[in-house]
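# What the coordinates show
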Amino acid sequence: MLKPEECRKLADNYRARANDGLSAARLANVLLSVSNAYLALASQLDLLASVESQESARMKDRA
């Protein structure tokens, strides 16, 4: 599974490609969209890790 840092790196790469001045407008738009999707995934993975950590702590407190 991808880690949030990996998703952000992929997003940076897609954004850089979109902004390189070599890509057609349509391709640049798709690349930016993919970049944004990776950023959203990174945020969701961060949230998931936080919730899992909180749940783990809560379960330990119950024991």
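For the structure given in this document, a descriptive report is provided here. (Residues numbered from 1 in each chain as written. Predicted model: local features only at pLDDT ≥ 70, side-chain atom pairs only at ≥ 80, totals over all residues. Heavy atoms only, no water.)

## Overview of the side chain of Ser 23
Here Ser 23 is to be found in the loop between α1 (4-18) and α2 (25-62). Those residues within four positions of Ser 23 in sequence are excluded, and the remaining contacts are Arg 17, Ala 28 and Leu 31. (Helix = DSSP H or I, 4+ residues; strand = E, 2+ residues; numbered from the N terminus. Contact = heavy atoms within 4.5 Å.)

## Here we look at the packing of aromatic side chains
Counted by the stated rule, this structure contains 1 aromatic pair. Seen from their ring centres, Tyr 14 and Tyr 38 are 5.9 Å apart, and the 10 degrees between their planes marks the pair as stacked. Of this pair, Tyr 14 sits in helix α1 while Tyr 38 sits in helix α2, placing them 24 residues apart in sequence. For Tyr 14, a relative accessible area of 28% gives the class partly exposed. Overall, the relative accessible area of 22% leaves Tyr 38 in the partly exposed class. (Phe/Tyr/Trp six-rings, centres within 6.5 Å; stacked < 30°, edge-to-face > 60°. Buried < 20%, exposed > 50% of the residue type's maximum accessible area, 1.4 Å probe, protein only.)

## Structural notes on a nonpolar patch on the surface
Nonpolar side chains collect at one region of the surface, where Met 1, Leu 2 and Leu 41 lie side by side and expose about 330 Å² of accessible area between them. Residue class for Leu 2 comes out partly exposed when judged on its relative accessible area of 36%. (Patch = residues over 30% accessible without salt bridge, like charges linked within 9 Å, V, L, I, M, F, W, Y side chains within 5 Å. Areas by Shrake-Rupley, 256 points an atom, 1.4 Å probe, with all protein chains shown as cover. Salt bridge = Lys/Arg side-chain N within 4 Å of Asp/Glu carboxyl O.)

## Points about α2
If you check α2, its first and last C-alpha atoms are 55 Å apart, about what 38 residues at 1.5 Å a residue would give, namely 56 Å. Of the residues making up α2, those classed as buried are Ala 28, Leu 31, Ser 35, Ala 42 and Leu 45. Tucked into the core, α2 has its buried residues touching α1. (Expected span 1.5 Å × (residues − 1).)

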